[in-house]
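Topology and contacts: notes
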Amino acid sequence: MKFHWFAEVTYPKLPKDFVERGELNWVKPNPALFDPRQSGEMYRMFIRLMQGADRAGFDGLAVNEHHQGGFAMTPSPNLLAASLASSTENAAILVIGNSLALYNPPIRVAEEMAYLDCLSDGRVIAGFVFGTPMDSVFAYGNPPIEVRERFHEARNLILRSWQEQKPFAFNGKYTKLRYVDLLPRPVQKRPPVWVPGTGSVETWDLVIDESYCYGHLSFSGLYSAKPAVDAYWEYCDKSGGDMNPNRMAFTQIICCAETDAEAEARYYDAVKYFYRMNTVDPQFTSPPGYTTAKSMRAQKTYLTIGESKLTAEDKMRAARGEMSFWEYDEKGFIIAGSPERVRQRVRELATDLRIGQLIACCHVGDLAEEVAAENTRLMGEQVIPHLRDLWSEYPDHWTPETSQRRVAAISPGIATAPEFAK
Amino acid sequence: MTMTMSKVGSYDIRSWSGGSGAPLLYLHGFEQHPGDAPYLQKLAGKHSVIAPEHPGYGESTGIEDLQHILDVALHYRQLVEDWGQGPVDVIGHSLGGMFAAEFAAVSPHLVRKLVLVSPYGLWLDAEPAPDPFVLPPDAMAGAKWHDPASAAAETSAFTDDDKGEQAVFRMKNLGSATKFMWPIPDRGLGRRLPYIKAPTLVIRGEADGLVPDAYAQAFTAGIEGARSERIAAAGHLPMVEQEAAFLKVVEEFLA
């Protein structure tokens, strides 16, 4: 299996009474609490950490897009990706992703991803996302009922603009362009496409029909995700879709240290910071029209399965920072401890959910840089090499050939995988 | 009132209709069609009433084809032309007020008199109206009603007991509303108000916390010859909270 280094770019210096004051950290943050110089220091830290992950043998460096929030201060993932594309050698540049409905015209995404693919010598993964309601419909003002339609129109335009060898006219509902003739063109003919979702059946149909990599990106872990991920694989199987686990990505917070006790001492505060400070007005989380009637009905059915392992109470306590460190671990929110423990639990998770692409969150909240760097090193040396065998019988068409080849040259364990044996 | 499903253009539209007299088109508000509401029945005592459901609401289709507000105005033009009664009186409430005003601006020859009740459709920077899509239930009740206990009197086109289906009904309705009200309920109507030629009455419940009084004033000022009425002890739905007072000003104006 493959490992992609990721962190929400979380502002680390919010006041201790942030939550008690009723401050919001998304859509309507209080700018007085954010020091731009501190933000700059934070950005430089994440670039250093991800450069380290590239050397440590990670398969990809993941960057994402969020707006008007201190929980993830990455308005354009392409900017961070550009810093990485020019200063790393091996890992894929996993842009997961551009919120397609927010770019007008969307060929901007096609251009920037092509630029990144040139700069990284063909290491880009093109993640296309709908964007959370907070991002796409509140911060950026799209009517919720239009987000899907805008996304698909943009997706078709972007893919076509990478492919066509002659100028073409594009007469969409939302985008009209008389002359589309993109430059630069990507090094990869068509970068691999990943589309994450949160359980909408329309997205399942899309990734199954187009053979994209699907992603379940949450920070609530195995038990929270299991009903939706199981339902997805069942749906995929019934629809005759490709059951290759390399077509599934999953986010998981990892807190690795030399010993279990050390892990608790080093990560507990940062984990609590991560979960507590993500304050969102609940009215912003499910605007009408963002989910279709079809998906509402489908979710009602499958989300009732497996609920008992993680209660609503658990989720609330996790968000309030009321769990002990090992409770966060036991309930699946984090995977923590010594390298032996982490690799065992990652294996269980990846096997249970049929995941070939783990997006490992190796930095959370206000974690110190040296702890995250150590996390990265331990993962690269003592966890990842022991898990390379998992799903190695399946081909991986969803990470770039260049990054696969270069990572194989530096990360132990991969060379034995059959896809590289030949 | 009789509920029917019929084609308007290529859309399936559910309507409640009844009564006899001069033709009256009633366009419902942003949350839902009120179904067989008492005030519609009473209007049907003096008028031939049609109260269609908006495309995308409840059982009615067509929202995916509507791109611009002009498409909505033409949809209602089609409905009135199919009706074949010549010019009609139009009452538009809330989002229905925005649609009614757009229809009247585009098709002045088809509108005899126009009543706008707490209409959306304008935006005033100096008096930003609350975002109706993010109000928590208590705040919504406070903004919508003079007396939140009035909620019990509100009728709905959805009459089933199924809670899940009720949530779907609401999500579809409000989702369709976002097409024209999100993020700001202004699709350029202000520029088109001068095209409205029908005598116009603007009604607002004095306790309406969703559409501030400045908006009623702006509509009245923007439509030549328009006048306004305030209804005391009523919020965003004066036809529910003060039915008699509402019907009185409407009937006097339409007479």
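Up top is the structure these notes are about.
Now for a description of the structure that goes with this document. (Residues numbered from 1 in each chain as written. Chains lettered and ligands numbered in written order. Predicted model: local features only at pLDDT ≥ 70, side-chain atom pairs only at ≥ 80, totals over all residues. Heavy atoms only, no water.)

Some words on the pairing of strand E11 (residues 357–361) of chain A
Residues and elements named next belong to chain A. Among the five residues in E11, five count as buried, and that is most of the element. With five bridges connecting them, strand E1 (residues 2–6) and E11 associate as parallel partners. Residue pairing in the sheet places phenylalanine 6 in a bridge with cysteine 361 of E11. (Buried < 20%, exposed > 50% of the residue type's maximum accessible area, 1.4 Å probe, protein only. Helix = DSSP H or I, 4+ residues; strand = E, 2+ residues; numbered from the N terminus. Pairing = 2+ DSSP bridges.)

What about helix H6 (residues 201–210) of chain A?
All names here are of chain A. Turning to H6, its buried residues number three or more, namely Val201, Thr203, Trp204, Leu206, Val207 and Ile208. Where the residues of H6 are buried, they touch helix H5 (147–163), strand E7 (193–197), strand E8 (213–216), helix H7 (221–238) and helix H9 (293–302). Looking one or two residues past H6, serine 211 carries a phi angle of roughly 55 degrees, positive in sign. (Contact = heavy atoms within 4.5 Å.)

Structural notes on the interface of chain B and chain A
With 24 residues of chain B at the interface, the matching set in chain A holds 21 residues. Summing both partners gives a buried area of about 1700 Å² for chain B against chain A, and 65% of it is carried by carbon and sulfur. A per-residue breakdown of the area chain B buries against chain A is headed by Met171, Lys179 and Trp182 of chain B, which together make up 36% of the total. At the boundary of chain B with chain A, the tally comes to two salt bridges. When the shortest N-O distance is used, the salt bridge between glutamate 146 of chain A and lysine 179 of chain B registers 2.8 Å. Taken together, chain B and chain A are joined by seven residue pairs in polar contact (both at pLDDT 80 or more). Sorting elements by how many residues they give to the side of chain B that touches chain A places helix H5 (residues 163–181) of chain B first, with eleven residues. Here the side of chain B that touches chain A is composed, by residue class, of twelve nonpolar, five polar and seven charged. (Buried area = accessible area lost by both parts, 1.4 Å probe. Salt bridge = Lys/Arg side-chain N within 4 Å of Asp/Glu carboxyl O. Polar contact = N/O pair within 3.5 Å; in protein donor to acceptor, adjacent residues only side chain to side chain. Nonpolar A, V, L, I, M, F, W, Y, C, P; charged D, E, K, R; others polar.)

Considering helix H12 (residues 339–353) of chain A
All names here are of chain A. The first and last C-alpha atoms of H12 sit 21 Å apart over 15 residues, in line with the 21 Å expected at 1.5 Å per residue. Within H12, burial applies to Pro339, Val342, Arg345, Val346, Leu349, Ala350 and Leu353. Taken around the axis of H12, the buried residues stretch over an arc of 135 degrees, which confines them to a single face. Remark: arginine 354 follows H12 within two positions and exhibits a positive phi of approximately 60 degrees. (Expected span 1.5 Å × (residues − 1). Arc of directions from axis to C-beta.)

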